[in-house]
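One letter stands for each residue in the lines below.
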Amino acid sequence: MRGRYGYGSCAAALAVGALVLVAGCGTTAVPDHERNSGGYTAPAPAPVSGVPEDEASGASDQLSTFALDVDTASYGFAQRTLAGGALPDPKTVRAEEFVNSFRQDYPQPKGNGFSVTTDGARISGVDGDGWSLMRVGLATREAEDGQRPPAVLTFVVDVSGSMGEPGRLDLVRKALGMTVDALRADDAMGIVTFSGTAKVALPVTRLSGGSGSGSVRSRIHEVIDSLRPDASTNLAAGVKTGYAQAERAARQGATNRVVLLSDALANTGDTSADGILRQIGDARSEYGITLFGVGVGSSYGDELMEQLADKGDGHTSYVSTTAQARKVFVEQLPVNVGLRARDAKAQVAFDPATVAGYRLIGYEDRAVADGDFRDDRVDGGEIGPGHTVTALYAVRLKEGADGHVATATVRWQDPSTRAPREASGQVDTAALSGDLWTGKASPRLRVDAVAAYFADILRTYDTGEEQLPDPLSLAQLSRHAHALAKLTEDSAVTGLATAIDQARELRA
């Protein structure tokens, strides 16, 4: 992996042995007798004749490897900041989270794991020697009604003084109330609050039992309604106490998760992500507990929340309105509470015969050493049902290039058996030949491109760093976004167009 928007050069050919590849969307064939073997190791890239083995086995720049990520908090926080009349801090802008905030139309696989879809379009150049945008799209199967495992959710709620601002604790109370009503009777939830210290407001409790005003749900609503802001922010104490509750309540066969709701502005106790998560010990490996971080507030510790979620095998989101809270806590959390894949990683191998250079757009914080792709001891991303993951590459083809461009492979562990699985897809030069902006590319690819270019402008407007190939102005992006909003009839794309317009006004 290169650094932020760094170039990769294809220095040696790569052959991925024993993979059955399907153009556009494909899977890796794994023999049936090896599918359920926890010791199965997929074949490593094979050395190419005449090329030193260290160059063909992952040490060269032809490989791009990263852990999968479904975080979206960076985009949500940028929307909130722009709506409030300010440009977001460039350090909080992560392009992959902008791109992954939008709906995709990738086909779903039949079982656990991923489908792999690849496509792209030309950004610049007319004879195959310019830059193209290449997309690698991954999708998991949606949860079926009644088929998900029970959920054991421990909510860790920030009630520090800063949470008294409108749109913080009041929004959290609404979100928790909606969650109580959306969960099933065999689910369980607990609430830990923290300010200067942490306390258990509600031990983890199953939602079954009682009726009317004497029901478990009614008692939980009373606890939620009683939450009030207090003093300083000892986030470490909250996380430690929350994980202790989650460990005590963990159920085999259930999805055990800690949900942190906070502005992540820690100012008391241990305030580093490493220090905070060091206190939770073996919760991940022993109990399978994952962390879902939900950010709130106009001032928000984005970096700390992202680090906590990454190290806690989870992901982040950000909410600033009741509608967003309903989407996250009612539409997504109860349905997607299970897992489709553990420790998921992606590796894209570029063909040096056709590719002169490439850039991975985003994922800087999710880099994995190329040689660790098939090392299942190396942490990846945890992906739930109905999730999509999109990775965009800017790819510069060689003059007159024709044929294979890249092979994209995703590797994960089955959430139940821990057996490794792989799926792959290919992209060739024909898939990158159409023009990105003239309408020949798919609408969803163009939405992804607008989101990526918008993130790049916000990330670089004060730094002078190199932008993506053939950069567009905010005015040009606005025109594309409004046209796509009309074409897709998608309110999320309309929101993107609005955010771009707000950035234009602030930069005018």
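Residues numbered from 1 in each chain as written. Predicted model: local features only at pLDDT ≥ 70, side-chain atom pairs only at ≥ 80, totals over all residues. Heavy atoms only, no water.

K.L.:
Let's hear about helix 10 (residues 302-311): which residues, and what values?
P.N.:
Burial analysis of helix 10 places seven of its ten residues in the buried class, which makes it a mostly covered element. Taken residue by residue, helix 10 has Asp302, Leu304, Met305, Glu306, Leu308, Ala309 and Asp310 as its buried positions. Following helix 10 by one or two positions, aspartate 313 adopts a phi angle in the positive range, close to 60 degrees. (Buried < 20%, exposed > 50% of the residue type's maximum accessible area, 1.4 Å probe, protein only. Helix = DSSP H or I, 4+ residues; strand = E, 2+ residues; numbered from the N terminus.)

K.L.:
Go over the sheet that holds strand 4 (residues 115-122), please, and point to the residues and values.
P.N.:
Within a sheet, each strand pairs with its neighbour through backbone hydrogen bonds, oriented either parallel or antiparallel. What the four strands build is an open sheet, ordered 4-5-15-13; its pairing is antiparallel. Each end of this open sheet is capped by a strand with a single partner; those strands are strand 4 and strand 13 (355-360). Between one strand axis and the next, the sheet turns through 25 degrees on average, direction left out of account. (Pairing = 2+ DSSP bridges. Axes fitted to C-alpha atoms, helices over the stretch in contact; angles between N-to-C directions.)

K.L.:
Quick one: what's the story with the nonpolar core, residue by residue and with numbers?
P.N.:
Judged by nonpolar contacts, the single largest core of 42 residues is most densely connected at Phe98, Leu133, Leu436, Val450, Phe454, Leu477 and Ile500. Top contributing element to this core by residue count: helix 12 (residues 443-460), with eleven residues. If near-sequence neighbours (up to four positions away) are discounted, phenylalanine 454 is found in contact with Leu82, Phe98, Leu474, Leu477, Leu496, Ala499, Ile500 and Ala503. Ranked by size, the runner-up nonpolar core spans 34 residues in total, among them Ala151, Phe292, Val294 and Leu333. (Core = buried A, V, L, I, M, F, W, Y, C linked by side-chain atoms within 4.5 Å. Contact = heavy atoms within 4.5 Å.)

K.L.:
So what about helix 13 (residues 474-488)? Which residues, and what values?
P.N.:
For helix 13, which comprises 15 residues, the first-to-last C-alpha distance of 20 Å matches the rise-based estimate of 21 Å (1.5 Å per residue) to within 8%. When we look at burial in helix 13, the residues that qualify are Leu474, Leu477, Ser478, Ala481, Leu484, Ala485 and Thr488. Each buried residue of helix 13 sits inside an arc of 135 degrees when the element is viewed along its axis, so together they form one side. Helix 13 presents Arg479, Lys486 and Leu487 as exposed residues on the side facing more than 90 degrees away from its buried surface. Those residues of helix 13 that are buried are in contact with helix 12 and helix 14 (491-507). (Expected span 1.5 Å × (residues − 1). Arc of directions from axis to C-beta.)

K.L.:
Requested: an account of the confidence of the model for the protein, with residues and values cited.
P.N.:
Taken over all residues, the pLDDT of the protein has a mean of 84, while the share at 70 or more is 84%. In this model, residues 9-60 is a region of pLDDT below 50 whose contacts with residues beyond four sequence positions or in other chains number 100 contacts. (pLDDT = per-residue confidence, 0-100.)

K.L.:
Which residues make up the side chain of serine 195, and what values do they have?
P.N.:
Following the sequence through the fold, serine 195 ends up in the loop between strand 7 (188-194) and strand 8 (198-206). Among residues more than four places away in sequence, those in contact with serine 195 are Val159, Ser160, Asp230, Ala231, Ser232, Thr233 and Asn234.

K.L.:
An account of the side chain of aspartate 414 is needed here, citing residue identities and associated values.
P.N.:
Position of aspartate 414 relative to the elements: it lies in the loop between strand 16 (404-413) and strand 17 (420-428). No salt bridge is formed by the buried aspartate 414; the nearest opposite charge belongs to arginine 421, separated by 4.8 Å. Reaching out from aspartate 414, the side chain makes a polar contact with the backbone nitrogen of threonine 417 at a distance of 2.9 Å. (Lys, Arg positive; Asp, Glu negative; His and termini not counted. Salt bridge = Lys/Arg side-chain N within 4 Å of Asp/Glu carboxyl O. Polar contact = N/O pair within 3.5 Å; in protein donor to acceptor, adjacent residues only side chain to side chain.)

K.L.:
Explain the pattern of salt bridges to me, using residue names and the numbers behind them.
P.N.:
Summed over the entire model, instances satisfying the criterion amount to 19 salt bridges. The salt bridge involving aspartate 69 is made with arginine 366; its shortest N-O contact spans 3.9 Å. Of this pair, aspartate 69 sits in the loop between strand 3 (63-67) and helix 3 (73-83) while arginine 366 is found in the loop between strand 13 and strand 14 (381-383), placing the two residues 297 residues apart along the sequence. Using a relative accessible area of 8% as the deciding quantity, one classes arginine 366 as buried. Each member of the salt-bridge network shares a partner with another, and the members are Arg80, Glu165, Arg168 and Asp263.

K.L.:
Can you lay out the packing of aromatic side chains for me, pointing to particular residues and giving the numbers?
P.N.:
Considering all chains together, one arrives at twelve aromatic pairs under this definition. For the pair phenylalanine 66 and tyrosine 363, a centre-to-centre distance of 4.5 Å together with 35 degrees between the ring planes defines the contact as tilted. Of this pair, phenylalanine 66 sits in strand 3 while tyrosine 363 sits in the loop between strand 13 and strand 14, and the two are 297 residues apart along the sequence. For tyrosine 363, a relative accessible area of 0% corresponds to the buried category. For the ring pair tyrosine 358 and tyrosine 393, a centre distance of 6.1 Å and an interplane angle of 65 degrees mean the geometry is edge-to-face. Within this pair, whereas tyrosine 358 is found in strand 13, its partner tyrosine 393 is found in strand 15 (residues 388-397), the two being separated by 35 residues in sequence. Given a relative accessible area of 2%, tyrosine 358 falls into the buried group. (Phe/Tyr/Trp six-rings, centres within 6.5 Å; stacked < 30°, edge-to-face > 60°.)

K.L.:
Lay out the environment of valine 335 with the relevant residues and their values.
P.N.:
Considering the arrangement of structural elements, one finds valine 335 in the loop between helix 11 (322-332) and strand 12 (341-350). Assessed through its relative accessible area of 37%, valine 335 is described here as partly exposed. Separated by 186 residues in the primary sequence, valine 335 and proline 149 place their C-alpha atoms 9.9 Å from one another. Setting aside residues no more than four positions away along its own chain, valine 335 makes contact with Ala143, Arg148 and Pro385.

K.L.:
Account for the sheet that holds strand 10 (residues 290-295), with residues named and values stated.
P.N.:
Ordered by their spatial adjacency, six strands build an open sheet running 8-7-6-9-10-11, and the pairing between neighbours is mixed. Pairing within the sheet leaves two strands with one partner each, and these edge strands are strand 8 and strand 11 (315-318). Sheet twist, expressed as the mean angle between neighbouring strand axes with direction ignored, is 15 degrees. Two elements, strand 10 and strand 11, share four bridges in a ladder whose sense is parallel.

K.L.:
I'd like a rundown of the packing of helix 3 against helix 14, residues and numbers included.
P.N.:
Orientation of helix 3 relative to helix 14, taken along the N-to-C sense of each, is 50 degrees, at an axis distance of 9 Å. Considered as vectors, helix 3 and helix 14 are oriented oblique to each other. Classified by chirality, the crossing of helix 14 by helix 3 is left-handed. Contact residues: helix 3 offers Tyr75, Gln79, Leu82 and Ala83, while helix 14 offers Ala492, Gly495, Leu496, Ala499, Gln502, Ala503 and Leu506. In the contact of helix 3 with helix 14, the residues fall into eight nonpolar, three polar and no charged. (Parallel < 35°, antiparallel > 145°, perpendicular 65-115°, else oblique. Left-handed = near helix turned anticlockwise from the far one by under 90°. Nonpolar A, V, L, I, M, F, W, Y, C, P; charged D, E, K, R; others polar.)

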